[in-house]
Amino acid sequence: MGDSKKITLLDLKTQYKMGLRIPEIQRDYVMGAGGKDGDGKDKLSKLLDAILAKCKGGEDFDFSCIITYCSDTENTPLEIYDGQQRLTTLMIMILYKLQVEKQDVTRFAKWYSFAGRPKANEIFNLLTQNESQINNIMVTDFTSFSIKKLLEKISLPKYKDISSDYLLNQVKFDMVSIGSQNEIEQFFMDLNSGVKLKDYELYKAKLTHRVSKLKHENVIGINHESLEMWPHKIDNDWLNFFDIFADYEHPAEEYEIAFVKYCINMIYIDNEEDPSN
């Protein structure tokens, strides 16, 4: 894994002509839906308030790290292996602000895309039209719900001072590029240090990948509404419940995934099947 470098969305737009793509392995977009933190405060409001404060102070906003891969910058899109939630949130905010400011938003048409998620791409196509199409966004899954909620929030008068220029030029990521790609890299990267994932992180990645695949398969008995709610549940409602067990060495997510794994194993056992298969 390469060294990190500071980069803005405008830098990415300039350097990657073929665009940015979210791989299918990534979970649905959920950040725009908000949710409560451990203190009961809305996560999205806290984020937008923090961006607003930096904007008013003329300071850069550090939006953490993104992990990327691109085999050929001239002919293939930049794939985002970590940072989808933050990048998608920023991209939506920029498109909204460009429309409000009556600037040309079509320059981003088809530049930001999702592999295997036609509904998400459909929404982004609407948002990259100069004539505002926000009211035409139909909520059909959790991604569209999250996008709609973010647009409602960023349109509040208190956030009017956050400009597209600020979002494009002063919201910065630490970008780390993967030097080579292999078929299971998404399961064996620690997204901060480059070492292998912990067991519970690996299990969650595999489980999320399986849920994503099931959404596109016609399997009898599968509740697709439950599958659509999966990202929100596992990263918000269920995770918040396990906060009471968390400590410095064992985060809430570790307890959460251990419980999910136990439940899945018990289902297999009840059906007299081997859960290791």
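A quick note: this is a predicted structure, and the numbers were derived from the prediction, not measured. (Residues numbered from 1 in each chain as written. Predicted model: local features only at pLDDT ≥ 70, side-chain atom pairs only at ≥ 80, totals over all residues. Heavy atoms only, no water.)

Reading across from one edge, β1-β6-β3-β4-β2-β5 is the order of the 6 strands in this open sheet, with mixed pairing throughout. Edge positions in the open sheet fall to β1 (4-8) and β5 (112-114), since each of these has one partner strand only. Shown here is a sheet whose adjacent strand axes are inclined to one another by a mean of 40°, direction ignored. Both β1 and strand β6 (residues 171-177) contribute to a ladder of 5 bridges, which runs antiparallel. By the bridge assignment, T8 is partnered in β6 with K172. (Pairing = 2+ DSSP bridges. Helix = DSSP H or I, 4+ residues; strand = E, 2+ residues; numbered from the N terminus. Axes fitted to C-alpha atoms, helices over the stretch in contact; angles between N-to-C directions.)

Attention shifts here to a nonpolar patch on the surface. Taken together, the side chains of F241, I244, F245 and Y255 present a nonpolar region at the surface, about 430 Å² in accessible area. Assignment of secondary structure puts F241 in helix α8 (residues 224-241). (Patch = residues over 30% accessible without salt bridge, like charges linked within 9 Å, V, L, I, M, F, W, Y side chains within 5 Å. Areas by Shrake-Rupley, 256 points an atom, 1.4 Å probe, with all protein chains shown as cover. Salt bridge = Lys/Arg side-chain N within 4 Å of Asp/Glu carboxyl O.)

It is worth spelling out the confidence of the model for the protein at this point. For the protein, mean pLDDT is 82; residues scoring 70 or higher make up 87% of the total. No element of the protein has a lower mean pLDDT than helix α7 (residues 199-214), at 73, and none a higher one than helix α6 (residues 164-169), at 97. Across residues 183-196, where pLDDT falls below 50, the model places 29 contacts with residues more than four positions away in sequence or in other chains. (pLDDT = per-residue confidence, 0-100. Contact = heavy atoms within 4.5 Å.)

The next subject is the nonpolar core. Judged by nonpolar contacts, the single largest core of 51 residues is most densely connected at L9 and L12. With 9 residues, helix α3 (residues 84-100) is the single largest residue contributor to this core. Dropping the residues within four chain positions of it, L12 is found in contact with I7, L20, I66, L78, L87, W111 and M175. If you look at the next biggest cluster of nonpolar residues, it comprises 9 residues, including Y200, L214, I234 and I257. (Core = buried A, V, L, I, M, F, W, Y, C linked by side-chain atoms within 4.5 Å. Buried < 20%, exposed > 50% of the residue type's maximum accessible area, 1.4 Å probe, protein only.)

So, about the pairing of strand β4 (residues 78-82). For β4, a buried count of 5 out of 5 residues is recorded, marking the element as mostly surrounded by other parts of the structure. Bridge analysis of strand β3 (residues 61-69) against β4 gives 3 bridges, and the strand direction is antiparallel. If you follow T68 over to β4, its bridge partner there is I80.

Here the focus is the pattern of salt bridges. Following the criterion strictly, the structure yields 9 salt bridges and no others. Among the ionic pairs, R21 bridges to E79, the shortest N-O distance being 2.7 Å. Of the two residues, R21 is situated in strand β2 (residues 20-22) and E79 in strand β4; the sequence distance between them amounts to 58 residues. Here E152 and K149 are joined by a salt bridge, their closest N and O atoms 3.9 Å apart.

Another aspect to go through is α3. In this model, α3 (17 residues) spans 24 Å end to end at C-alpha, consistent with the 24 Å of a helix rising 1.5 Å per residue. Summarising burial for α3: 16 of the 17 residues are buried, a large majority. K102 sits one or two positions beyond α3 and adopts a positive phi of about 60°. (Expected span 1.5 Å × (residues − 1).)

The two faces of a sheet get side chains in turn, since along a regular strand they alternate between them. Here 6 bridges tie β3 to β6, and the two strands are oriented parallel to one another. Among the inter-strand pairings, T68 is bridged to a residue of β6, identified as S177.

Glancing now at the packing of helix α2 (residues 43-56) against helix α5 (residues 142-154). Relative orientation of the contacting elements α2 and α5 amounts to 45°, with a least axis distance of 11 Å. With respect to each other, α2 and α5 are oriented oblique. When you trace α2 past α5, the crossing you get is right-handed. Contacts from L44, S45 and L48 of α2 reach α5 at L150, K153 and I154. A breakdown of the residues in the contact of α2 with α5 according to their chemical character gives 4 nonpolar, 1 polar and 1 charged. (Parallel < 35°, antiparallel > 145°, perpendicular 65-115°, else oblique. Left-handed = near helix turned anticlockwise from the far one by under 90°. Nonpolar A, V, L, I, M, F, W, Y, C, P; charged D, E, K, R; others polar.)

A few words on unusual backbone geometry. The backbone of S64 shows a phi angle near 70°, a positive value even though the residue is not glycine. Counting through the fold element by element, S64 comes out in strand β3. For S64, a relative accessible area of 38% translates into the label partly exposed. Located in the positive-phi region is K110, a residue other than glycine, with phi close to 60°.

Assignment of secondary structure puts I51 in helix α2. A relative accessible area of 1% means that I51 is categorised as buried. Through-space distance from the C-alpha of I51 to that of F61 is 6.4 Å; in sequence the pair is 10 residues apart. Look past the residues within four positions of I51 in its chain and what remains in contact with it is F61, M93, I162, Y166 and L167.

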